[in-house]
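Structural characterization, general
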Amino acid sequence: MDFWIPLLGGALGAALINGILALYKLRRDREVEHDQWLRNEKRDVYQEYLKSGNYLSRFVSLVPERWHLMKDDMKMHVKILLSDDIDFFVPKHLDAPLRAFGAAVTNAFAYEERTTEGLTREQAREDFEEAYQILRKAMRKDLGIKD
């Protein structure tokens, strides 16, 4: 009869330890799954955002005589790039590159619309391209993609 007490104590102790480890693993798996979901969502949002940036980049590099051909499309992409929709996914360290890119988009659009003075077409294009590359690198870094 005395052998039942250590046997039950050992079994209960093992069950308790296994239960605690199972709960820890379940919690950790949920965190990993959530992190992966968030990364995938960010990737999709960043990808769509950068697609609009790439489209605008091609527009800015066109010769002025062809701007009118893509003006409506360009306005749609500018609206996407200047919207607040991306703010939900953007971490704090991407705020500055995103604001700089928004300013470059605004300047490029203002130049194309002829509503700005003191900014050359080449400067607007260079500012846009530089801000686009900085933002692209920052987004890739945020996703853990090495250049």
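Everything numeric here is computed off the predicted structure, so don't read it as measured data. (Residues numbered from 1 in each chain as written. Predicted model: local features only at pLDDT ≥ 70, side-chain atom pairs only at ≥ 80, totals over all residues. Heavy atoms only, no water.)

**Some points on helix H4 (residues 121-142)**
Helical geometry: 3.6 residues make up each α-helical turn, so side chains three or four residues apart lie on a common side. Going by this rule: Secondary structure counts use DSSP, requiring at least four H or I residues in a row for a helix and at least two E residues in a row for a strand, with both numbered from the N terminus. Given a helix with a known number of residues, its expected span is that number minus one, times 1.5 Å. Think of it in three bands: with a 1.4 Å probe and only protein chains considered, a residue is buried below 20% of the maximum accessible area for its type, exposed above 50%, and partly exposed in between. For this quantity, the arc is that covered by the directions from the helix axis to the C-beta atoms.
With 22 residues, H4 should reach 32 Å at 1.5 Å per residue; the first-to-last C-alpha distance of 31 Å fits that figure. Listed as buried for H4 are Arg121, Ala124, Phe128, Ala131, Tyr132, Leu135, Ala138, Met139 and Asp142. The buried residues of H4 occupy one face: seen down the axis, they fall within an arc of 135 degrees. Remark: glycine 144 follows H4 within two positions and exhibits a positive phi of approximately 85 degrees.

**Some thoughts on the side chain of aspartate 142**
To keep things clear, this is the line we draw: We define a polar contact as two N or O atoms separated by no more than 3.5 Å, with the added condition that, inside protein, one atom must be a possible hydrogen donor and the other a possible acceptor, whereas residues neighbouring each other in sequence contribute only through side-chain atom pairs. What makes two residues a contact is simply this: any of their non-hydrogen atoms within 4.5 Å.
Within the secondary structure, aspartate 142 is located in helix H4. At 3.1 Å, the side chain of aspartate 142 and the side chain of lysine 42 are in polar contact. With residues near it in sequence (within four places) discarded, aspartate 142 still touches Lys42, Tyr46, Pro91, His93 and Leu94.

**Side note on the nonpolar core**
Note the following rule: Residue types Ala, Val, Leu, Ile, Met, Phe, Trp, Tyr and Cys, when buried and joined through side-chain atoms within 4.5 Å, form a set referred to as a nonpolar core.
Counting 23 residues, the largest nonpolar core has Tyr49, Leu56, Phe101, Phe128 and Met139 as its most contacted members. Counting residues per element, the ones that place at least two in this core are helix H1 (4-60), helix H2 (67-82), helix H3 (95-112) and H4. The biggest single contributor to this core is H4, with six residues. Residues in contact with tyrosine 49, not counting those within four places in the same chain, are Ile80, Leu81, Ile86, Leu98, Phe101, Leu135 and Met139.

**A closer look at the confidence of the model for the protein**
Convention followed: Confidence scores per residue from the predictor, reported as pLDDT, run from 0 to 100.
Of the residues in the protein, 77% have a pLDDT of 70 or more, and the chain-wide mean is 78. No element of the protein has a lower mean pLDDT than H2, at 71, and none a higher one than H4, at 86.

**A closer look at the packing of aromatic side chains**
The way to describe two aromatic rings as a pair is by their centre distance and the angle between their planes. Inclusion rule: Put simply, two rings from Phe, Tyr or Trp (the six-membered ring, in Trp's case) pair if the centres are within 6.5 Å, and we call them stacked under 30 degrees between planes, edge-to-face over 60, tilted for the rest.
Counting across every chain of the model gives four aromatic pairs. Between phenylalanine 101 and phenylalanine 128 the ring centres are 5.3 Å apart and the planes differ by 45 degrees, which places this aromatic pair in the tilted class. Of this pair, phenylalanine 101 sits in helix H3 while phenylalanine 128 sits in helix H4, and the two are 27 residues apart along the sequence. Neither residue differs from the other here; phenylalanine 101 and phenylalanine 128 are each classed as buried. Pairing phenylalanine 128 with tyrosine 132 gives two aromatic rings, centres 6.2 Å apart and planes at 10 degrees, and the pair type is stacked. Highlighted residues: phenylalanine 128 and tyrosine 132, both in helix H4, separated by four residues, approximately one helical turn. Overall, the relative accessible area of 0% leaves phenylalanine 128 in the buried class. Taking relative accessible area as the criterion, tyrosine 132 reaches 8% and is therefore assigned buried.

**Focus: the environment of leucine 56**
For leucine 56, the position within the fold is in helix H1. Residue class for leucine 56 comes out buried when judged on its relative accessible area of 1%. In this structure, leucine 56 is in contact with Met74, Val78, Leu81, Val105 and Phe128, ignoring residues within four places of it in sequence.

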